[in-house]
Each structure stands twice: as structure tokens, then as C-alpha cells.
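Fold and geometry: a report
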Amino acid sequence: MADHEDSTPSHVEQMVEKIAEKIHSHDSSSSDSDGEKSSPSAFKAKVYRIFGREKPVHKVLGGGKPADVVLWRNKKVSAGVLGVATAVWVLFELLEYHLLTLVCHCMILALAILFLWSNATSFINKASPQIPEVHIPEDPVLQFASALRFEINRGFALLRDITSGKDLKKFLSVIAGLWVVSILGSWVNFLTLFYIIFVVLHTVPVLYEKYEDPVDSFAEKAMVEIKKQYAVFDAKVLSKIPRGPLKDKKVA
């Protein structure tokens, strides 16, 4: 009997150990499954985005109402903006209407309507139109001038950095961009070029947001191929071009 009583606690202890091992194995398997679930999110975080973008397209465009218009969040407003731009282009480009003539005609029409309305009120016993006093506030003008000055100075600094000979890749990119713009300028005038750019900016972002994943996948493949071709071009041509001093020698 004593031996049977001694074997009973050992048997219970074995059962407790087995239960503990099962609980431990279940915890480890659940932690592994959690790691497997978290791996897709980590994979998604490393998906290639064009231009190294990490924020949504709406945030990249600055957010707010301008981004809503560009991304067609409000279709009526976006269609109205595009329609006004199209009407302006048709008016000045196709109908060959001049800006100064348009401004003068609009002012003549507005002044004539207000003048006749003000004099007609005395005959029909109506109150004369309340023409508001228009004043341009000083602060927005100063803010705009300050922002414009900052952007111009930054452009001058960029041009100085390009012409210093430190970054050959940036120099070639700017030259290629200016060459493309010059070709486009020889094909169309400034107004048509501005309208084309406006239409592109008003349509491409919303299409990119809709087909984001396939576009980024294609852009990744294209970027890899461009880097390969640039490496070949650099090895055969650019590396043989003498360059200026890249960095000042460090003083010990």
C-alpha cells in the first residue's frame, strides 16, 4: 500500500509536467503564428514606392483642398476646375482671343451693368446696388513675396551647385530636362504647354492612386534597368571625363 501511495504522487507530477509542456508548446506555436502574421505587414512596409514615397499620395500632394481637387475627391469641383482651364485654353488658343482685349471687354461689361443698375434703381424704386470696397491686405502680399524670394534664392543655389562640377549626374539630368522642355517649346506655345502640364497634373495623380501597386512594380523594374544602363555608361564614358575637386581636403 505504501508503494502504491508513493507511486501516486509521482504519477500526478508526471501528468502536471505533461500539461505544462503542452501549454508551453501551444504558447510557442502561437508566438510563431503571430510572427508569421506580422511578416506580411513587414513585407508590405518594404514594398517599393516610386520616388521613395512613404506617405499616401494625398499627403504627398500636401493634403487639404488642393490635394482633394487634384485627386478628384469632389468630382464636381475637380471637373469645374478642369473645365475652366479648358475654356481658357480654347478662348486664347483656338479662338485667338488676346488677354488684354478680354480684360478690357470684361471691365467694360461689368462697369456698364453696374452703372445702368445704379441709375435704374431710381425709376423702379429699388435700392441701389451695394458695391463693396476692395482693399488688398498687406500681410498676404508680404508672405507671398517672402515665399517667392525664398524659392528664387533656392533656385539660384541649386544652379550654383550644378555648375560647380560636384555632381555630374545632377548636371546631366538638368541638361536633359531643359533639352526636353526646349523640344516641347518648339512644338507648342507656352499656353498650350501650360495647359498640357495642368491636364497631366490633374489626371495622372488620380490614376496613379487607383493603379498604385502595378505602377510601382513596373517602376521598380524600370529603375533597376536604368541603373544597369547608367552603370555601363558610367564605366565606359563618365569615368573617363576629368572632374573638378569633389570635396575639400579635411584639415587635421
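The text that follows walks through the structure, step by step, so that each part is easy to find. (Residues numbered from 1 in each chain as written. Predicted model: local features only at pLDDT ≥ 70, side-chain atom pairs only at ≥ 80, totals over all residues. Heavy atoms only, no water.)

1. Digging into the environment of Phe115
- When you line up the elements, Phe115 lands in helix α5 (residues 99–124).
- Judged by its relative accessible area of 55%, Phe115 is exposed.
- Sequence-wise, Phe115 and Pro129 are 14 residues apart; in three dimensions their C-alpha atoms are separated by 9.7 Å. (Helix = DSSP H or I, 4+ residues; strand = E, 2+ residues; numbered from the N terminus. Buried < 20%, exposed > 50% of the residue type's maximum accessible area, 1.4 Å probe, protein only.)

2. Structural notes on the pattern of salt bridges
- Counted under the stated rule, the structure contains 3 salt bridges.
- Notably, a salt bridge pairs Glu151 with Arg154, separated by 2.8 Å at the nearest N-O pair. Highlighted residues: Glu151 and Arg154, both in helix α6 (residues 138–163), separated by 3 residues, approximately one helical turn.
- Given a relative accessible area of 40%, Glu151 falls into the partly exposed group.
- When the shortest N-O distance is used, the salt bridge between Lys170 and Asp161 registers 3.2 Å.
- Take Asp161: its relative accessible area is 30%, and that puts it in the partly exposed class. (Salt bridge = Lys/Arg side-chain N within 4 Å of Asp/Glu carboxyl O.)

3. Some words on the packing of aromatic side chains
- Enumeration over the complete set of coordinates arrives at 2 aromatic pairs.
- A ring pair is formed by Phe190 and Phe194, whose centres lie 6.4 Å apart and whose planes are at 25 degrees; its orientation type is stacked. In this pair, Phe190 and Phe194 are both assigned in helix α8 (residues 190–210), 4 residues apart and thus about one turn of the helix distant.
- Overall, Phe190 belongs to the exposed group, its relative accessible area being 67%.
- Of note, Lys169 hangs over the ring of Tyr230, and the distance from its end group to the ring centre comes to 5.4 Å. (Phe/Tyr/Trp six-rings, centres within 6.5 Å; stacked < 30°, edge-to-face > 60°. Lys NZ or Arg CZ within 6 Å of the ring centre and 35° of its normal.)

4. Re unusual backbone geometry
- Positive phi is not limited to glycine here, since Trp72 has a value of about 60 degrees.
- Its identity is not glycine, yet Glu96 carries a phi of approximately 55 degrees, on the positive side.
- Note on placement: Glu96 falls in the loop between α4 (75–94) and α5.

5. Section: the packing of α6 against helix α7 (residues 168–187)
- One way to put it is that α6 packs onto α7 with a least axis distance of 8 Å and a crossing angle of 115 degrees. The two elements α6 and α7 cross, and the hand of that crossing is left-handed. Residues Leu158, Asp161 and Ile162 of α6 form the contact with α7, whose participating residues are Lys170, Phe171 and Val174.
- When the residues that make up the contact of α6 with α7 are grouped by side-chain class, the tally is 4 nonpolar, no polar and 2 charged. (Axes fitted to C-alpha atoms, helices over the stretch in contact; angles between N-to-C directions. Left-handed = near helix turned anticlockwise from the far one by under 90°. Contact = heavy atoms within 4.5 Å. Nonpolar A, V, L, I, M, F, W, Y, C, P; charged D, E, K, R; others polar.)

6. Examining the side chain of His202
- Positionally, His202 belongs in helix α8.
- Exposure remark for His202: the relative accessible area of 3% places this residue in the buried category.
- A polar contact of 3.1 Å, which involves the side chain of His202, links it to the backbone oxygen of Ser78.
- Those residues within four positions of His202 in sequence are excluded, and the remaining contacts are Val69, Val70, Trp72, Ser78, Val81 and Leu82. (Polar contact = N/O pair within 3.5 Å; in protein donor to acceptor, adjacent residues only side chain to side chain.)

7. A word on a nonpolar patch on the surface
- Taken together, Phe171, Leu172, Ile175, Tyr230, Phe233, Val237 and Ile241 make up a surface patch of nonpolar side chains, about 550 Å² in accessible area.
- Going through the elements one at a time, α7 and α9 (212–236) are the ones with two or more residues in the nonpolar patch.
- The element that contributes the greatest number of residues to the nonpolar patch is α7, accounting for 3 residues.
- Note on placement: Val237 falls in the segment after α9. (Patch = residues over 30% accessible without salt bridge, like charges linked within 9 Å, V, L, I, M, F, W, Y side chains within 5 Å. Areas by Shrake-Rupley, 256 points an atom, 1.4 Å probe, with all protein chains shown as cover.)

8. With respect to the packing of α4 against α8
- Orientation of α4 relative to α8, taken along the N-to-C sense of each, is 165 degrees, at an axis distance of 10 Å. In terms of their interaxial angle, α4 and α8 are classed as roughly antiparallel. The interaxial crossing formed by α4 with α8 has left-handed handedness. Along its contact with α4, which presents Ser78, Val81, Leu82, Ala85, Thr86, Trp89, Phe92 and Glu93, the element α8 presents Leu191, Thr192, Tyr195, Phe198, Val199 and His202.
- Across the contact of α4 with α8, the residue classes break down as 9 nonpolar, 4 polar and 1 charged. (Parallel < 35°, antiparallel > 145°, perpendicular 65-115°, else oblique.)

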